[in-house]
Amino acid sequence: MQQHPHTSRRRTGRLAGLTAALAAVVGLSTLTGPGAHAADNPYERGPAPTESSIEALRGPYAVSQTSVSRLAVTGFGGGTIYYPTTTADGTFGAIAVSPGYTALESSISWLGPRLASQGFVVFTIDTNTTLDQPDSRGDQLLAALDYLTQRSSVRNRVDSGRLGVMGHSMGGGGSLEAAKDRPSLQAAIPLTPWNLDKTWPEVRTPTLIFGADGDTIAPVSSHAEPFYGNLPSSLDRAYLELNNATHFTPNSSNTTIAKYSISWLKRFIDNDTRYEQFLCPLPRPSLTIEESRGNCPHTS
């Protein structure tokens, strides 16, 4: 039996409508998975953040790790690479982390899985010797990033254009040195940093400095505060002083350090403005925060 042309068009229209609706549902399902990222920012990784998600001991990504022997590398002392296990989300930004004077990689190793589970490749390193000074530690952080992106077993998981550095004490001073020497870095986070150089007009990398109110080894008045104050005023920068803390507070798991480090790395390595809400307005004084400074809102 021949169909009436109007009936045929109605059925065709209904089919088109169902197809569009199905496509919309499929599209929504792809946006709500744990590894989803928005089409307008290809660097977004993971679901929309909440206060509890950035304070959690682990983020949405399962993490694997691999050890790197100091005998297999040059320019630094080897270390451990932590990385999201999935390959479904493409490449990730990466961070190298240096310990401080006389310290080993184990002193900053807690940052590896905590940051990697939020969608980063994290390389916690040992230095050539435990007595290396900040300028040497800066060079070693850059050597570690070069190894990570060029030779490591996970190099295909890393976006070599989205890199950052962190470090504790002289390693924190080293992270400033690395940022000075390599302006292409996307983020730097010195943790209770120590350096004889107090002025950093050359730095072009968004920098978050953590100080500690009870630090007697690198007192904030002669280290963290002048470091922050002598970064370019036009730079996206922040200073967060930990309350009831010491020089060694960054050496153990710390929620305040983690949540603001994650937010800073997400905001500037992943260009993920969903994390701006945790950085601006500036954190208010609390049981864990003595004070904060910064140039909100961020421009880069």
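Residues numbered from 1 in each chain as written. Predicted model: local features only at pLDDT ≥ 70, side-chain atom pairs only at ≥ 80, totals over all residues. Heavy atoms only, no water.

Asks: Account for the overall build of the protein chain, with residues named and values stated.
Replies: Summing up its helical and strand segments, the protein chain has seven helices and nine strands in all. Among the 300 residues that make up the protein chain, the fraction classed as buried is 53%. In the protein chain, the proportion of contacts linking residues at least 24 apart, taken out of those at least 6 apart, comes to 69%. A total of about 13,000 Å² of accessible surface is found on the protein chain, and carbon and sulfur atoms cover 55% of it. (Helix = DSSP H or I, 4+ residues; strand = E, 2+ residues; numbered from the N terminus. Buried < 20%, exposed > 50% of the residue type's maximum accessible area, 1.4 Å probe, protein only. Contact = heavy atoms within 4.5 Å. Areas by Shrake-Rupley, 256 points an atom, 1.4 Å probe, with all protein chains shown as cover.)

Asks: Got a sec to walk through the pattern of salt bridges? Specific residues and values, please.
Replies: Any two side chains of opposite charge can pair, on the condition that their charged atoms come close. Tallying each qualifying case throughout the model produces twelve salt bridges. Note that aspartate 146 is salt-bridged to arginine 182, the shortest N-O span being 2.9 Å. Within this pair, whereas aspartate 146 is found in helix H4 (residues 134-150), its partner arginine 182 is found in the loop between helix H5 (170-181) and strand E6 (187-191), the two being separated by 36 residues in sequence. Judged by its relative accessible area of 25%, aspartate 146 is partly exposed. (Salt bridge = Lys/Arg side-chain N within 4 Å of Asp/Glu carboxyl O.)

Asks: Account for the sheet that holds E6, naming residues and giving values.
Replies: Hydrogen bonds along the backbone pair up the strands of a sheet, which may run parallel or antiparallel. Across the sheet, which stays open at both edges, the nine strands sit in the order E1-E2-E4-E3-E5-E6-E7-E8-E9 with mixed pairing between neighbours. The open sheet is flanked by strand E1 (63-68) and strand E9 (289-294), the only strands paired with a single partner. Direction aside, the axes of adjacent strands within the sheet are offset by 15 degrees on average. For E6 and strand E7 (residues 207-212), the ladder comprises two bridges, and the chain directions are parallel. Bridging from a neighbouring strand, alanine 188 pairs with threonine 207 of E7. Across the sheet, H5 lies against strand E3 (92-98), strand E5 (158-168), E6 and E7, angled at about 145 degrees from E5, the strand it touches most. (Pairing = 2+ DSSP bridges. Axes fitted to C-alpha atoms, helices over the stretch in contact; angles between N-to-C directions.)

Asks: Which residues make up the packing of H4 against H5, and what are the values?
Replies: Packing of H4 against H5 leaves a shortest axis separation of 7 Å and a crossing angle of 65 degrees. The chirality of how H4 crosses H5 is right-handed. On H5, the residues that touch Pro134, Asp135, Arg137, Gly138, Asp139, Leu141 and Leu142 of H4 are Met170, Gly171, Gly173, Gly174, Ser175, Glu177, Ala178 and Asp181. A class-by-class count of the residues in the contact of H4 with H5 yields five nonpolar, five polar and five charged. (Left-handed = near helix turned anticlockwise from the far one by under 90°. Nonpolar A, V, L, I, M, F, W, Y, C, P; charged D, E, K, R; others polar.)

Asks: Give a detailed account of the confidence of the model for the protein chain, specifying residues and quantitative values.
Replies: Mean pLDDT over the protein chain works out to 90, with 87% of the residues at or above the 70 mark. Under a pLDDT of 50 for its full length, residues 1-38 has, in the predicted model, 20 contacts with residues more than four places off or in other chains. (pLDDT = per-residue confidence, 0-100.)

Asks: Which residues make up unusual backbone geometry, and what values do they have?
Replies: Along the chain, cysteine 280 connects to proline 281 via a cis peptide bond; the corresponding omega equals 0 degrees. Here the residue pair cysteine 296 and proline 297 is connected by a cis peptide bond, since its omega of -5 degrees sits within 30 degrees of zero. Assignment of secondary structure puts proline 297 in the segment after E9. Within the chain, serine 169 stands out as a residue other than glycine whose phi angle is a positive 60 degrees. With a phi close to 55 degrees, asparagine 244 is a non-glycine residue in the positive phi region. Following the sequence through the fold, asparagine 244 ends up in the loop between strand E8 (237-242) and helix H7 (255-269).

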